[in-house]
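Next come the chains, spelled out residue by residue.
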Amino acid sequence: MKFILEGAGIFIYPLGFCSFLALFIIIERLISLRDSKVVPREIAGMLVSGVLPSASPASSVGRILYYFNTSKPDPEALKAFAQLEMTRLERGMFWLDIVISAAPLLGLLGTVAGLVAVFSVDSSSLPTPETISRGVGLALSTTILGLTIAIPAIVGNSYINRRIDKLCARLNICVESLIDIQQKSGK
């Protein structure tokens, strides 16, 4: 593993940044997308059963309830506010998409740079074994690192997007329940 990191040359810095960024975003989104932070089950259960709970704005559904209680919105305004809350769930995900695209491309750029280092010798002299070794090492190391970063980032991105879809569906159910409660109470 040490020779891969050493063989990546200058490309280790952008690849390392991509790795750090992907790890940070995945961990932050996993923490932020917990049920208690988005749609606590007890609040969702109360809404579905037709009971209007009092909730603090500590969760997404809590902020929707707070907006509902303070503004007395019409159903369309409530849905628009809920959509805004759902958009907040995707915060930072575009950075993960960038990492997924950039890491393999940086690996490919390192591959090309390594091959150029091998084949860009004077026509009067042959490349030395050291030059060939360094160039091939750069080519292979950056490719390995780029793919090693991108593959887990793709898995994390897929899992988080699936989690966001599930939470958005639960938020939609809560909003529809709020609209039903509103219509039954005649507000």
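These numbers come from a predicted model, not from an experiment. (Residues numbered from 1 in each chain as written. Predicted model: local features only at pLDDT ≥ 70, side-chain atom pairs only at ≥ 80, totals over all residues. Heavy atoms only, no water.)

1. Remarks on the overall build of the chain
Secondary structure summary: the chain contains eight helices and zero strands in total. For the chain, the α and β elements follow one another from N to C terminus as α-α-α-α-α-α-α-α. Radius of gyration (C-alpha) of the chain: 25 Å, far over the 16 Å computed for a compact globule of 187 residues. The 187 residues of the chain split such that 37% are buried. Here the analysis covers contacts within the chain between residues at least 6 apart in sequence; of these, 74% occur between residues at least 24 apart. Taken as a whole, the chain presents about 10,800 Å² of accessible surface, with 67% of it coming from carbon and sulfur. Computing the positive centroid from 17 side-chain charges and the negative centroid from 14, the chain places the two 9 Å apart. (Helix = DSSP H or I, 4+ residues; strand = E, 2+ residues; numbered from the N terminus. Rg over C-alpha atoms; globule rule 2.2 N^0.38 Å. Buried < 20%, exposed > 50% of the residue type's maximum accessible area, 1.4 Å probe, protein only. Contact = heavy atoms within 4.5 Å. Areas by Shrake-Rupley, 256 points an atom, 1.4 Å probe, with all protein chains shown as cover. Lys, Arg positive; Asp, Glu negative; His and termini not counted. Charge placed at Lys NZ, Arg CZ, Asp CG, Glu CD.)

2. Looking at helix α6 (residues 75-89)
What sets the pattern is the α-helix's 3.6 residues per turn: residues three or four places apart point alike. Its 15 residues give α6 an end-to-end C-alpha distance of 21 Å, which sits within 8% of 21 Å, the value for a rise of 1.5 Å per residue. Residues Leu 78, Ala 82, Glu 85, Met 86 and Leu 89 constitute the buried set of α6. Seen along its axis, α6 keeps its buried residues to an arc of 100 degrees; they face one direction. Structurally, α6 contributes buried residues whose contacts are with α2 (12-32), α3 (35-38), α5 (60-71) and α8 (129-185). (Expected span 1.5 Å × (residues − 1). Arc of directions from axis to C-beta.)

3. Some points on the pattern of salt bridges
Under the definition given, this model contains eight salt bridges. Residue Arg 29 is joined to Glu 28 by a salt bridge in which the shortest nitrogen-to-oxygen separation is 2.8 Å. For Arg 29, a relative accessible area of 1% translates into the label buried. Of the residues examined, Glu 28 reaches a relative accessible area of 23% and is grouped as partly exposed. (Salt bridge = Lys/Arg side-chain N within 4 Å of Asp/Glu carboxyl O.)

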